[in-house]
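What the coordinates show
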Amino acid sequence: QLKSCLQTDLTDMDILGIETSCDETAAAVVSDSGNRLRPWIVRSNVVASQADIHREWGGVVPEIASRQHVRDICCVVERAISDSGANWSDLKAIAVTQGPGLVGSLLVGVSFAKSLAWSLGIPLVSVNHLTGHIESLVIEGGLMPLPAVVLVVSGGHTNLYLVTLGENEQSNYQLIGRTRDDAAGEAYDKVATLLGLGYPGGPVIDRLAKKGNDQAVPFPFARMTHDDRNAGPVVDQPVGLAATRRSRLLEFSFSGLKTAVKRYVQQRNREVDSGSGLSSGEVADICASFQRVVVSSLLDRTFRAARQYGARSVGIAGGVSANSRLRVDATARANQEELPLFLPSLALATDNAAMIGAVGLKRYHAGLTASLDLNAQASLAM
Ligand code: KG4
Ligand code: ZN
């Protein structure tokens, strides 16, 4: 499946972005707009999704993903160039996702980008995938008033960042909250698997939940009453008891909810007539009830963080930001709190290379180019 969307109105070409961190092979051509408030123009944005291939395994199989990237990358990059109307000689630099992600998948993009930069004699720029998701908000929405609180919520991450202006016009991204266990997208995918709904779970649960009663099953909300004993050194630890309690209130947890759904489904399967399974109405109720808990947990913490840090805007990015209920409820909360809300269009919510090109341009202008020794890093820090 090759998705492609492009904008017309061609001026000078700039950067080619390449993204292969998980199961989407993506390439895009992005240019400077000359407008400081809305700095980038997406010339082309091509995504080859492997979802159909991984569906039969119920999730992404890393080895299959990297092999499929090898098959797809040439044609995806060629399509991005031809859609944009650019020639190879128009490109000023190549931007590529260095991490975080699946290392085999990342290596395909990184090796391809290095070879291309070397053969065209132009600079290479490395980009952090999560920075890409955050800056995807600026591509369409324009610069966010800072400080901003941004939730990056996908299959691999549920992280809250405080975005401020750093040196050289570069943004600072401070991790202020994250999940203790599963990412929200991972919870969607696992719940979909146990309901027999296939992979990826987010879009199908989103669709079925619209027909269900979100109060039908009282699934539990995670309560963070104790410190996370497994916490790594990533979250900037505040000092003092009150501050520790405040930072705990910005943490997420979805594995208890997933287990509650699993127990409930097992129990209902025992109760209903053997062989007939759960009715479609009951499955819709479970989806809606599960989704109500996920969405409220995400928004409670995001808007609490916004108040706590005096944010002037709020953003939600990453695959789960495509969720229709999350978008509606986030818009209502932002209106209530009188804060501007930034959400990506559906094309930029899930993994894409336009966001990698955009961050690549920003880094290129700041002189932050990479050497041809660049290596993929599965758990690259911001
Ligand atoms: O950002 P992304 O494309 O890849 C990662 O970096 O993980 O996010 C993929 C995740 C999957 O877990 C998928 O189920 C979830 O985003 N997702 C959604 C929706 N569309 C995709 N979750 C909830 N509702 C959706 N509509
Ligand atoms: Zn992503």
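Keep in mind that what you see is a predicted model, and the values were worked out from it rather than measured.

So, how was this worked out
Residues numbered from 1 in each chain as written. Chains lettered and ligands numbered in written order. Predicted model: local features only at pLDDT ≥ 70, side-chain atom pairs only at ≥ 80, totals over all residues. Heavy atoms only, no water. Helix = DSSP H or I, 4+ residues; strand = E, 2+ residues; numbered from the N terminus. Rg over C-alpha atoms; globule rule 2.2 N^0.38 Å. Buried < 20%, exposed > 50% of the residue type's maximum accessible area, 1.4 Å probe, protein only. Donors = N, O, S within 2.8 Å, 3.2 Å for Na, K, Ca; no water. Expected span 1.5 Å × (residues − 1). Axes fitted to C-alpha atoms, helices over the stretch in contact; angles between N-to-C directions. Parallel < 35°, antiparallel > 145°, perpendicular 65-115°, else oblique. Contact = heavy atoms within 4.5 Å. Nonpolar A, V, L, I, M, F, W, Y, C, P; charged D, E, K, R; others polar. Pairing = 2+ DSSP bridges. Near = heavy atom within 4 Å. Polar contact = N/O pair within 3.5 Å; in protein donor to acceptor, adjacent residues only side chain to side chain. Areas by Shrake-Rupley, 256 points an atom, 1.4 Å probe, with all protein chains shown as cover. Phe/Tyr/Trp six-rings, centres within 6.5 Å; stacked < 30°, edge-to-face > 60°. pLDDT = per-residue confidence, 0-100. Core = buried A, V, L, I, M, F, W, Y, C linked by side-chain atoms within 4.5 Å. Salt bridge = Lys/Arg side-chain N within 4 Å of Asp/Glu carboxyl O.

1. Digging into the overall build of the chain
Summing up its helical and strand segments, the chain has 12 helices and 11 strands in all. Compactness check: the chain gives a C-alpha radius of gyration of 21 Å against a globular reference of 21 Å for 382 residues, within 12% of the reference. Principal axes of the C-alpha set define a box for the chain whose edges measure 65 × 50 × 40 Å. Buried positions account for 52% of the 382 residues belonging to the chain.

2. A look at the coordination of the zinc ion (ligand 2)
Every protein donor of the zinc ion (ligand 2) is accounted for by H129 (NE2), H133 (NE2) and D351 (OD), and the metal-donor separations fall at 2.1 to 2.2 Å. Mapped onto the sequence, the residues coordinating the zinc ion (ligand 2) show the spacing H-x3-H-x217-D. Of this pair, H129 sits in helix α4 (residues 129-141) while D351 sits in the loop between α11 (346-349) and α12 (354-365), and the two are 222 residues apart along the sequence.

3. Brief notes about helix α9 (residues 280-308)
Look at α9: 42 Å from first C-alpha to last across 29 residues, which is about the 42 Å you get at 1.5 Å a residue. In terms of burial, α9 is a largely internal element, 22 of the 29 residues being buried. Two residues or fewer past α9, G310 is found with a positive phi of approximately 60 degrees.

4. Re the packing of α4 against α12
Their axes nearest at 8 Å, the elements α4 and α12 cross at an angle of 90 degrees. The angle between α4 and α12 falls in the class roughly perpendicular. Between α4, through H129, T131, G132, H133, E135, S136 and I139, and α12, the contact on the second element is made entirely by A354, M355, I356, A358, V359 and K362. Along the lines of polarity and charge, the residues of the contact of α4 with α12 split into 6 nonpolar, 5 polar and 2 charged.

5. Things to note about the pairing of strand β4 (residues 40-49)
Taken residue by residue, a regular strand's side chains alternate between the two faces of the sheet. Among the 10 residues of β4, 10 are classified as buried, and the element is accordingly described as predominantly covered. Sheet analysis places strand β3 (residues 24-32) next to β4, joined by 9 bridges and oriented antiparallel. Directly across from E24, in β4, lies its bridge partner S49.

6. Some details on the site of ligand 1
The immediate surroundings of ligand 1 are formed by 19 residues, with G155, D189, G202, D206 and N323 found nearest. Note that an oxygen atom of ligand 1 is positioned 3.5 Å from one of the side-chain N or O atoms of H129. Note that an oxygen atom of ligand 1 is positioned 3.0 Å from one of the backbone N or O atoms of G319. When ligand 1 is considered free in solution it has 560 Å² of accessible area, and contact with the protein chains removes 89% of it.

7. Let's talk about the packing of aromatic side chains
According to the stated counting rule, one finds 3 aromatic pairs in the structure shown. Ring centres of Y188 and F290 lie 5.1 Å apart, and the angle between their planes is 80 degrees; this geometry places the pair in the edge-to-face category. Of this pair, Y188 sits in helix α5 (residues 184-194) while F290 sits in helix α9; the two residues are 102 residues apart in sequence, bridging distant segments of the chain. The two residues Y188 and F290 agree in class, both being buried. When the ring of F252 is compared with that of F254, the centres are 6.4 Å apart and the planes differ by 15 degrees; the resulting orientation is stacked. Here the two residues F252 and F254 agree in accessibility, since each one is buried.

8. Here's the deal with the confidence of the model for the chain
The predicted coordinates should not be examined in detail at positions where pLDDT is low. Across the chain, the average pLDDT comes to 91, with 90% of residues at or above 70. Here residues 5-11 scores under 50 on pLDDT; set against residues more than four positions off or in separate chains, the count is 15 contacts.

9. A word on the sheet that holds strand β10 (residues 313-317)
What the 5 strands build is an open sheet, ordered β9-β8-β7-β10-β11; its pairing is mixed. Looking at the sheet topology across the chains shown, the edges are occupied by β9 (171-178) and β11 (341-342). Of the strand pairs in this sheet, β10 and β11 are connected by 2 bridges, and their pairing is parallel. What sits directly across from V314, in β11, is L341.

10. Quick look at the side chain of S44
You can see S44 is positioned in strand β4. Of the polar contacts made by the side chain of S44, one reaches the backbone oxygen of A80; its length is 2.7 Å.

11. Observations concerning the nonpolar core
Formed by 48 residues in total, the largest nonpolar core has its most connected members in F219, F290 and L298. Among the secondary structure elements, those contributing two or more residues to this core are β7 (148-153), β8 (158-165), α5, α6 (201-209), α8 (255-271), α9, β10 and α10 (324-337). Examining the composition of this core, we find that 13 residues originate from one element, α9, more than from any other. Look past the residues within four positions of L298 in its chain and what remains in contact with it is L151, V153, T158, A184, F252, F254 and L326. Counting 34 residues, the second largest nonpolar core, distinct from the first, contains V42, V47, L130 and V150.

12. So, the pattern of salt bridges
Going through the model one piece at a time under the given rule, you end up with 15 salt bridges. Between R79 and D83 there is a salt bridge, with the nearest N and O atoms lying 3.3 Å from each other. Separated by 4 residues within a single helix, R79 and D83 lie in helix α2 (residues 62-84), roughly one turn from each other. According to the relative accessible area criterion, R79 is partly exposed, its value standing at 31%. A salt bridge links R325 to D214, with the shortest nitrogen-to-oxygen separation between them at 2.7 Å. Highlighted residues: R325 in helix α10 and D214 in the loop between α6 and α7 (241-248), separated in sequence by 111 residues.

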